[in-house]
Amino acid sequence: MCCLISTVSKLAVLCRDLTASPAPPLPGSLPFHMNSVIQVVEVLESHHLDRHLNLTVTELARGLGCCDSEFYQLLLGEAPAVPPDLPFLSQEQRSFLMRLMKHEVQASSTEQGVVLLPDGTTVAVSPLVAGIEALEHTLYAVTIAKALGVAFLLAQANESQVPMGPNGCWDSVSDPQNFTLLGHPSHLTDAFINGALDGVILGAHLAGQAVPAAPLSTLLREYYAGDGLAGDSQARSNFRRQNFVQLTEAGQLEEQVVRSLQLLRALPRMAPLLSGVGDEELLAAASRAVQEFTEAYLECPAVIPRCMWEARPYKGTPTQLKLPLSFVYIHHTSSPSQPCRTFPECAADMRAMQRFHQDDRGWDDIGYSFVVGSDGYMYQGRGWHWVGAHTRGYNSKGYGVSFIGDYMDTLPEAFALTLVRDNFLPCAVKGAKIRANYTVHGHRQMVHTACPGNLLYREIQTWQGFKVRPLRHAPQHSISTRGHSANGAVGV
């Protein structure tokens, strides 16, 4: 183990030395949003077609340093030479492009080389570009495998406090310029992982095309802002986790991590750094890396943090939950009565609920622990650690999880139900947030209400952990509330 720590420590130093500082932002620079990326790509594509630029967009990105390490060059080839000035780009576009190409986590916990997506998540551009550029047999190596293996070796050698994560916050959702991480930075942040997953999905999509691929701008727009690849509404970034799982065979990723680390050891510049790490140590690191990555990013749901839906501050001092909890209480919002299907819609619903709970109800914060949108994501309310205001008399005993919409006469989307039943609940058990023998109750089983709606209540009765409990009062529509976001039942 001492050999592993010493050699990986050298690797960490080399990684820091090889990372160039990004160009500083200029006044009036483009917002770091995928829409800006698509706009710049369209300009580059037009000049490529006019032969003013003898490079594809991904070749240009590599030439600007997006994927310029020895490892990338071995798998993708030498980075092409890039024209020094790119005169057809404006000063703002050039500054934007240069800042975007280098992925770096700075000492201030600011992450560079990332952009905000229309779905409210953030991606690093370098693994995304690498996946689009890669041949099929190098797809996992240049996107996630090598980065995953190195991240766990560095964490094992105490070169980072955590092997993966965290997520972060933009300084502005409308004009994003700076992205700051929410916790101790790793070498494999959420944004990098999102970019890597998208790189695999888009790379595999392109590899399977029987006809010439659409322009990159079209591909990005369909995947990130349109109806999805080939018109499939779920073949878009909102569903990257489940789509990555469908693409990746069992054991395939672990094998790719091992091969990537072995390849690193064989490279002339890297050989001295990993020469003391034996195959058994590589296998153990790869196995642990893939297991923890799978549990955290493929089996657990993606949660939009409070800062991204622009939550107000908590009033007063929150009360900490005593974990693990024993109960999960299922709700529907009733009002809003319609499911939200995009990040702007869901974020607006979250803000409206919080305003009502704080201003009209006088509560400290939005009442729910987590809220489920029909956009493929869960939204953080009070979260894992703080007592909510969702189920009067039971707020300290369990989490309150609410589906946005009225589900008296209809059900939430199947993928929203799966997100809670098959992802959130098992993830909470593995994370020691709820007990393995947890109990699921509908809100109406605990207080006088029709929440979570007749059909949703009927649905959760089929879930693992659901238990029958005598009602305090039978829910009568003439006097009970159907929800408690904008009318009715008291959560505290």
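In case you missed it, the structure is sitting above this.
All residue numbers refer to positions counted from 1 along the written sequence of the respective chain. Where local features are concerned, this predicted model is filtered to residues with pLDDT of at least 70; where side-chain atom pairs are given and counted, the filter is 80 or more; whole-chain, interface and lining totals use all residues. Computation of side-chain values covers all heavy atoms of the structure but excludes hydrogens and water.

In this section: helix H6 (residues 125-133). Burial runs high along H6: eight of the nine residues are buried. Listed in full, the buried residues belonging to H6 are Val125, Ser126, Pro127, Leu128, Val129, Ala130, Gly131 and Ile132. When accessible area is computed with a 1.4 Å probe and restricted to protein chains, residues below 20% of their type maximum are described as buried, those above 50% as exposed, and intermediate ones as partly exposed. By definition, any uninterrupted DSSP run of H or I lasting at least four residues is a helix, any uninterrupted run of E lasting at least two residues is a strand, and each is numbered from the N terminus.

For strand E11 (residues 398-403), a buried count of six out of six residues is recorded, marking the element as mostly surrounded by other parts of the structure. In short, DSSP must find at least two bridges between two strands for them to pair. Summarising the sheet, strand E8 (residues 325-332) and E11 pair through six bridges and their orientation is parallel. From the neighbouring strand, Val328 faces E11, where its bridge partner is Tyr399. Sheet topology note: the strand E9 (residues 370-372)/E11 ladder contains three bridges and is parallel. Counterpart to Val371 in the pairing with E11 is Ser402.

Right, let's get into the packing of helix H7 (residues 139-156) against helix H13 (residues 279-299). Comment: axis = line fitted to C-alpha atoms, over the contacting stretch for helices; angle = value between 0 and 180 degrees taken between N-to-C directions. Axis separation between H7 and H13 bottoms out at 9 Å; the angle between their running directions is 105°. Relative to H13, the element H7 is oriented roughly perpendicular. In contact with Ile144, Leu148, Phe152, Leu153 and Gln156 of H7, H13 contributes Leu282, Ala285, Arg288, Ala289, Val290, Glu292 and Phe293. Across the contact of H7 with H13, the residue classes tally to nine nonpolar, one polar and two charged. Note on angle classes: values under 35 degrees are labelled roughly parallel, values over 145 roughly antiparallel, values of 65 to 115 roughly perpendicular, and the remainder oblique. Two residues qualify as a contact provided that any one of their heavy atoms is within 4.5 Å of a heavy atom in the partner residue. Three classes are used: nonpolar for Ala, Val, Leu, Ile, Met, Phe, Trp, Tyr, Cys and Pro, charged for Asp, Glu, Lys and Arg, and polar for all others, with Gly counted as polar.

Here, the term nonpolar core denotes a set of buried Ala, Val, Leu, Ile, Met, Phe, Trp, Tyr and Cys residues that are joined through side-chain atoms within 4.5 Å. Counting residues in hydrophobic clusters, the biggest one holds 105 residues, and the most contacted among them are Met34, Leu148, Leu220 and Phe293. With 13 residues, the top contributor of residues to this core is H7. Dropping the residues within four chain positions of it, Leu220 is found in contact with Met34, Val37, Ile38, Val41, Ile132, Leu202 and Ala225. In this structure, Phe415, Tyr438, Trp463 and Phe466 belong to the second largest nonpolar core, which totals 29 residues.

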